[in-house]
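Structure at a glance
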Amino acid sequence: MANRRSKTLAAASLTLQEIEPLTKNQVLAFDSENNLVLHGIAGTGKTFISCYLAFDDMIKGLYKQLIIIRSAVPTRDIGFLPGTEKEKASVYEDPYKNIAVELFQRGDAYEILKTKSLLQFMTTSYIRGITLKNAVIIIDECQNMSFHELDSIITRVGEDCRVIFCGDFRQADLQKNGLQDFIRILKAMDCFDLVEFEIKDIVRSGFVKDYITAKTDFGVIMEEATKEEIEKWREEDYWSRMDFSPVWIFIFPTALVLFAVSAAYVIGHYILPTAL
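Here goes a summary of the coordinates provided. Given the structure is predicted, the values throughout are model-derived calculations rather than measurements.

1. Let's talk about the packing of helix 1 (residues 24-31) against helix 2 (residues 46-59)
Contact geometry of helix 1 with helix 2 gives a least axis separation of 10 Å together with a crossing angle of 30°. With respect to each other, helix 1 and helix 2 are oriented roughly parallel. Classified by chirality, the crossing of helix 2 by helix 1 is right-handed. Contact residues: helix 1 offers Q26, A29 and F30, while helix 2 offers I49, Y52 and L53. Classifying every residue of the contact of helix 1 with helix 2 by side-chain character gives 5 nonpolar, 1 polar and no charged.

Written as structure tokens, this is what we have:
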């Protein structure tokens with residue numbers, strides 16, 4: 001982010017670097033005074049902006065703390081994590097630690113915020129039975145959550161709160177997870193503004209922008225190729241398309257042998273005696 005000025009979060013004696021938006025969609029997020037749904041392409045600063053807006057509102061005295069909620073879902077299966085609840089959750093806090101360091105220009109900013117009870121991190125596994133009050137609530141990586149999880153979170157919101165949902169909903173199975181219905185509900189609420197970030201909003205690096213652009217273009221090409229292949233496959237004979245994997249190579253001959261043995265048994269015990 002460019003053109004930074006500073007202001008102080010007095011409760012923690014931390015100086016927040018003031019951030020100015022770099023794209024039109026970032027401006028929309030900055031100008032909104034409502035609850036937010038920030039969704040779209042990776043690298044567009046959705047989480048970074050959300051944290052900045054939260055700290056800025058806290059400095060203005062609008063809210064007492066920032067609460068970050070995310071689902072403890074890894075990008076791949078890494079097995080069970082050892083340790084206590086806090087130790088397991090800490091694995092998912094690293095992105096927010098980095099953001100706090102950049103926003104406050106202090107390596108221990110995140111720890112100070114937590115010690116002063118100005119920031120709280122939790123996973124969706126432990127959201128039931130609590131009421132969230134007087135806070136900015138960031139629900140991050142929403143595409144990893146089901147409708148049930150999102151519904152559980154939003155029904156925990158108490159008085160004097162601002163809610164910000166972040167994620168790339170295009171990465172999720174909206175129909176299966178029920179996220180499509182959840183987004184429709186938020187759109188119907190006057191207290192929510194939805195901002196969709198596109199490739200042109202990528203600010204992480206030129207490299208990431210080039211990669212996502214290429215990936216998007218390649219995805220369109222692959223989709224068209226798949227349609228052509230499907231049409232081609234329909235015209236081919238079944239046996240020419242059959243996948244002769246090791247399993248089939250074993251099963252098919254075995255089935256032929258069993259059929260031959262069965263046929264020989266039937267012929268030897270029923271057909272020949274009758275004929276004679």
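On we go from here.
2. Notes on the packing of aromatic side chains
Inspection of every chain in the model, using the stated rule, returns 6 aromatic pairs. Taking the centre distance of 5.8 Å and the plane angle of 40° together, the rings of Y96 and F121 count as tilted. Of this pair, Y96 sits in helix 4 (residues 94-104) while F121 sits in strand 5 (residues 119-123), placing them 25 residues apart in sequence. Aromatic pair F165 and F182: ring centres 5.4 Å apart, planes at 75°, arrangement edge-to-face. Note that F165 is positioned in strand 7 (residues 161-167) and F182 in helix 8 (residues 179-187), a separation of 17 residues in sequence. Here F165 matches F182 in class, with each residue buried. Members of the aromatic cluster, each reached through a chain of ring pairs, are F147, F165, F182 and F192.

3. Some details on the pattern of salt bridges
Scanning the model with the defined rule gives 8 salt bridges in all. Put simply, K7 and D56 hold a salt bridge, and the shortest N to O gap is 2.2 Å. Remark: D56 occurs in helix 2 and K7 occurs in strand 1 (residues 2-9); sequence separation between them is 49 residues. The residue R162 makes a salt bridge to D57 at a minimum N-O spacing of 3.0 Å. With a gap of 105 residues between them, R162 in strand 7 and D57 in helix 2 connect regions that are remote in the sequence. Accessibility classification places R162 together with D57 in one group, the buried group. When salt bridges that share partners are traced, they join K7, D56 and K60 into one network.

4. Points about the environment of F169
Here F169 shows up in the loop between strand 7 and helix 7 (174-177). Separated by 129 residues in sequence, F169 and G40 have C-alpha atoms that sit 6.8 Å apart.

Rules and cut-offs
Residues numbered from 1 in each chain as written. Predicted model: local features only at pLDDT ≥ 70, side-chain atom pairs only at ≥ 80, totals over all residues. Heavy atoms only, no water. Axes fitted to C-alpha atoms, helices over the stretch in contact; angles between N-to-C directions. Helix = DSSP H or I, 4+ residues; strand = E, 2+ residues; numbered from the N terminus. Parallel < 35°, antiparallel > 145°, perpendicular 65-115°, else oblique. Left-handed = near helix turned anticlockwise from the far one by under 90°. Contact = heavy atoms within 4.5 Å. Nonpolar A, V, L, I, M, F, W, Y, C, P; charged D, E, K, R; others polar. Phe/Tyr/Trp six-rings, centres within 6.5 Å; stacked < 30°, edge-to-face > 60°. Buried < 20%, exposed > 50% of the residue type's maximum accessible area, 1.4 Å probe, protein only. Salt bridge = Lys/Arg side-chain N within 4 Å of Asp/Glu carboxyl O.

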